[in-house]
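Read off the chains here:
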Amino acid sequence: MSYFGTEKKLLLSISAISAGATTQSVATAITDLTIFNGKSLTQIVSSIGYPAISVASNIITLEAGWKYCINARLKVYDSTPSAGEAINFYISDASNTQLSSTGTVNITTDSSASLAQENCIAYIDATSASQQIKVRASKNSGAAVTVNGSGDAGNTSFTSHILIKAWK
């Protein structure tokens, strides 16, 4: 080993916001998701501390002084699925400007369940000021679906969540 050895350390914080058992109906009109309201941040791992993040009235407030990679994942249940149906979702700012890629949950069927999951990802630079974001969704056609719901009795419920990676 060299005298000039180095220590490599990942200066990253990882947290999540889980929707728990909260469900919400989403139809063809774009709507703000409320399933994360009042949920607390779960701290997963960090070598640099955790940013202060809160969720109230559909708005997620990200603490200033950090950069963020936000990854939102949804579970969707459709009791009457048909071919070609999907739900689209994305992360926006408080004034509804889209900040992320668009996640698409294709509604598929098999013998036991009618669900799918996908994600959307956004990079947010909040180094100079706190940022407010929210998750919005809409269905492309057909009857409304239940976000974070499940109709499969044999399924371990998947919980919609937002994974937050932060660094300075």
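Below you will find a few notes about this structure. Quantities reported herein were computed from a predicted structural model and do not represent experimental measurements.

### A word on the pairing of strand β9 (residues 103-106)
Part 1 of the argument: Taking every second residue as pointing to the same face, the buried face of β9 carries Gly103 and Val105, while none of Thr104 and Asn106 on the other face is buried.
Part 2 of the argument: Examined bridge by bridge, strand β8 (residues 86-93) and β9 share 4 bridges and lie antiparallel to one another. Looking at the pairing, isoleucine 87 lines up with valine 105 of β9.

### Observations regarding the side chain of aspartate 78
Part 1 of the argument: By the element assignment, aspartate 78 lies in the loop between β7 (66-77) and β8.
Part 2 of the argument: There is a polar contact of 3.0 Å between the side chain of aspartate 78 and the backbone nitrogen of threonine 80.
Part 3 of the argument: At 3.2 Å, the side chain of aspartate 78 and the side chain of lysine 139 are in polar contact.

### As for unusual backbone geometry
Part 1 of the argument: The backbone of serine 57 sits at a positive phi, close to 50°, despite the residue not being glycine.
Part 2 of the argument: One can find serine 57 in the loop between β5 (53-56) and β6 (59-62).
Part 3 of the argument: Backbone geometry at asparagine 148 places phi at a positive 75°, although glycine is not the residue there.
Part 4 of the argument: By relative accessible area, which is 7% here, asparagine 148 ends up buried.

### As for the pattern of salt bridges
Part 1 of the argument: Tallied over the entire structure, the rule returns 4 salt bridges.
Part 2 of the argument: Notably, a salt bridge pairs aspartate 32 with lysine 134, separated by 3.1 Å at the nearest N-O pair. Of this pair, aspartate 32 sits in strand β3 (residues 31-32) while lysine 134 sits in strand β11 (residues 131-139), and the two are 102 residues apart along the sequence. Residues aspartate 32 and lysine 134 agree in their burial class; the two are buried.
Part 3 of the argument: One salt bridge in this structure joins glutamate 85 and lysine 139, with 2.1 Å as the shortest N-O distance. One end of the pair, glutamate 85, is in the loop between β7 and β8; the other, lysine 139, is in strand β11, with 54 residues separating them in the sequence.
Part 4 of the argument: The class of glutamate 85 is buried, set by a relative accessible area of 5%.
Part 5 of the argument: Overall, the relative accessible area of 2% leaves lysine 139 in the buried class.
Part 6 of the argument: When salt bridges with common partners are traced through the structure, they connect Asp32, Lys134 and Arg136 into a single cluster.

Definitions and limits used
- Residues numbered from 1 in each chain as written.
- Predicted model: local features only at pLDDT ≥ 70, side-chain atom pairs only at ≥ 80, totals over all residues.
- Heavy atoms only, no water.
- Buried < 20%, exposed > 50% of the residue type's maximum accessible area, 1.4 Å probe, protein only.
- Helix = DSSP H or I, 4+ residues; strand = E, 2+ residues; numbered from the N terminus.
- Pairing = 2+ DSSP bridges.
- Polar contact = N/O pair within 3.5 Å; in protein donor to acceptor, adjacent residues only side chain to side chain.
- Salt bridge = Lys/Arg side-chain N within 4 Å of Asp/Glu carboxyl O.

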